Structures are given as structure tokens and as C-alpha cells.
Amino acid sequence: TNTGADVLNYSNVQHNVRALFNWTFGKTGTLTVGGDFMNDYLLSYQFEDGGSYSQMTADAFAQFDWNVVKGFNVIGALRYDYFSAKKLSSLSPKIGLMYRIDSDRAGHFAFRGSYAKGFRAPTLKEMYMSFDMASIFMIYGNPDLLSEVSHNFTLSAEYFKKYCNVTVTGYFNMVRNGITTVWNEQLNSMRYANDAPTNIAGADVTFSMRLPCGFGAKLAYTYSHEYTTDGSPSMSTTRPHSLTARVEYGREWKNYGFNLSLSGRYLAGFSTHVYADTTFETLAMQRYPGYTIWKLMFTQDIWKGISLNFIVDNLFNYRPDYYYSNSPVTVGTTFAAGLSLSIEEMFSK
């Protein structure tokens, strides 16, 4: 970082060694084993008196991709992580199953299920930071942080035939000791801390279609529900419902092609807890409104290497009543046009 003085106030030096080995057992499966070792040194102006910290991290993993029978596949994996700064370690398993049915008349089906444990140790900054945030408040690290741990379960079903594809996915994630920043009354500043135990449940549904005539469409819906298990206030910014859509039509000839597309998204409103004042001591319930934004795009390949684009963003001129962290940064409808030239394509045979 250049401060105008001959002083080094930030340096991050990492030495990393990695090994990876694969072995294939004919058509039965593939074994993958490997590991990483890294020495991480960090000097930063965000530490007390511009100090420095270092730690060694190591991991080893093994994965076997097993084709049990035709149409049925199993992937099993195991990973070990170690972090020297607090002597933290974790053993994380993962397993995934897939069953596939192929039929020329009825179409193709794929069913999947998986479980995976997630692990993340606190970073050096999260443990040792001491940073003045624009003279508004301080942000302090917390050397007593616990590691983030999650348990993730997923089930999905997919159907595809010729021009259409439908996918349905459900998931349930259990997050424990999530690392975040909270207001600390004793320090009168923000400090890294472990969050309340949280569960996240949701589902995704996606439909896509592409016809030979040049018409295409895609529709995707997502539902998400995030909640704390101990009854403590949730400050989640996850919107419970979202919907994205896209329709397009395009054709190509020898020296000309075009594509006209209309795409948009809808994000539902939601309520969550926020800090009620600048002291960060009181929480209040805040309602964030839902909104929808659409984009119209027309692209033309006029000749070899020459493309002309027209874009209308925020087609219906949405403007939020007030701006906040979850609102779109827009002042209304915008128009754009662009011309691109590729000399290489223009003079190619």
C-alpha cells in the first residue's frame, strides 16, 4: 500500500505445496488423493500497531468415484484440515448418490442426493484485526472465535428430453458458529463473533426450453427460509422468494444473425432485524419491499466481426422509494448501444 512514506504497512506472503494423485480402476471408478500445505504470513495496518501474524495450514483428502452399476453412481470423500494458529482441526465427510434412467421415448431422468460437512477456521484478520473504520467505529478481531461448521443435505430430480429440461432441488443446511460482526458494548465498537445457530431450508425449480426455430425460454423459482434455532433475533438479508425469467428469439444466416431477449427478476419483500440507531445497541424490525426489474436486449451480427447491440435496462423504470443495502442501485431506465469490431474475423477467409 502506498502511503506517501517509505513505510511498508501491508504484506501477505504465502508458500504453498500441493500434491494430487489419480488412479482409475477400469470402468469401475476413480480414486483421487491429495493434500496441501501452506505457510501464511500477514503484516497489515489493520492489526494493532501494524503488527504481523502467521500460521501454517495443512489438509489431506481422498475421494472415490464409483460406478456401481449402469445408471447408479456413488461419490464418497473424506477431508482433514489443520490450522496452527489455534491448533484447530476437522475431519469432513461427503457422500453423493446419483441414479439415472435413460429412455429415448420417455426422456431422461436423474435423481441425486448428497450430504457434506463444511468447515471454515477463522482467518488471521478475523482473530487479530484492530482497524479504525473511517473514524466511525473500530473493528476488533476475536482470538476466541470458534470455527464455522455446517451440515448440508440436498435432494434433486432432473428431467430432460430433446428441447426441454426441468430440475427440482430441495436443501437443508445447518450452520453452527457462523462468523460475523456484532456490536460489543464493552469495547463500544464492532467485533467479530460467532453467530447464533442457524438453519436454512429451501427449494429451487428451473424450467428451460430451446426450440430449433430459434425460440428459447427459461424460468427459475427459489424459496429460502433462514431461521435461528435458539430463538434469537435474525438479521438475515435472504429474501424468501425470487423468480427469474428469460425469453428470447434468434436466427442466423450466412452473413447476418440476431437475438432478441427479454429477461427479468422478481425479489419478494421481507422483514428482518436491524440496528435501530448509531449506537448499535437496539434492534428493530425493518420491512424491505419487493421489486422487479426487466432488461430488453437486441444483438445483431451484421457481418463478419461486426456486432451491434442495443440494451434497455430497467425497462419499466423501477425506482426504490429509498435506497438500502438490498435495493437495486438504479435511478430508472437506461439505454445503451454498442458496436464491436473484430479485425481478425473481418479479414478471415
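Below or above, wherever it landed, is the structure these notes cover. Since we're looking at a predicted model, the values are computed, not measured.

### Considering the sheet that holds strand β7 (residues 130-133)
Read across the open sheet, the four strands follow the order β7-β8-β12-β11; overall the sheet is mixed. Strand pairing shows two members of the sheet lacking a second neighbour, β7 and β11 (179-184), which therefore form its edges. Each adjacent strand pair in this sheet contributes to an overall mean axis angle of 30°, direction not counted. In this structure, β11 lies alongside strand β12 (residues 189-194), joined through six bridges in antiparallel fashion. Bridging from a neighbouring strand, tryptophan 183 pairs with methionine 190 of β12.

### Here we look at the nonpolar core
Here is a general trend for soluble globular proteins: nonpolar side chains tend to be buried in one another's company. Met129, Phe137, Ile139, Leu145, Ile179, Trp183, Met190 and Tyr192 together form the largest nonpolar core, which totals eight residues. Counting only elements with at least two residues in this core, the list comes to β8 (137-140), β11 and β12. Sequence-distant contacts of tyrosine 192, defined by excluding residues within four places in its chain, comprise Lys125, Glu126, Met129, Ile139, Tyr140, Gly141, Asn142, Leu145, Ile179, Thr180 and Thr181.

### As for the side chain of asparagine 165
In this fold, asparagine 165 is placed in strand β10 (residues 164-176). A residue is classified by how much of its surface remains accessible, and asparagine 165, at 19% relative accessible area, is buried. A polar atom in the side chain of asparagine 165 sits 3.3 Å from the side chain of threonine 167. Residues contacting asparagine 165, with those up to four places away along its chain left out, are Glu158, Tyr159, Phe160, Thr206, Phe207 and Ser208.

Calculation rules
- Residues numbered from 1 in each chain as written.
- Predicted model: local features only at pLDDT ≥ 70, side-chain atom pairs only at ≥ 80, totals over all residues.
- Heavy atoms only, no water.
- Pairing = 2+ DSSP bridges.
- Helix = DSSP H or I, 4+ residues; strand = E, 2+ residues; numbered from the N terminus.
- Axes fitted to C-alpha atoms, helices over the stretch in contact; angles between N-to-C directions.
- Core = buried A, V, L, I, M, F, W, Y, C linked by side-chain atoms within 4.5 Å.
- Buried < 20%, exposed > 50% of the residue type's maximum accessible area, 1.4 Å probe, protein only.
- Contact = heavy atoms within 4.5 Å.
- Polar contact = N/O pair within 3.5 Å; in protein donor to acceptor, adjacent residues only side chain to side chain.

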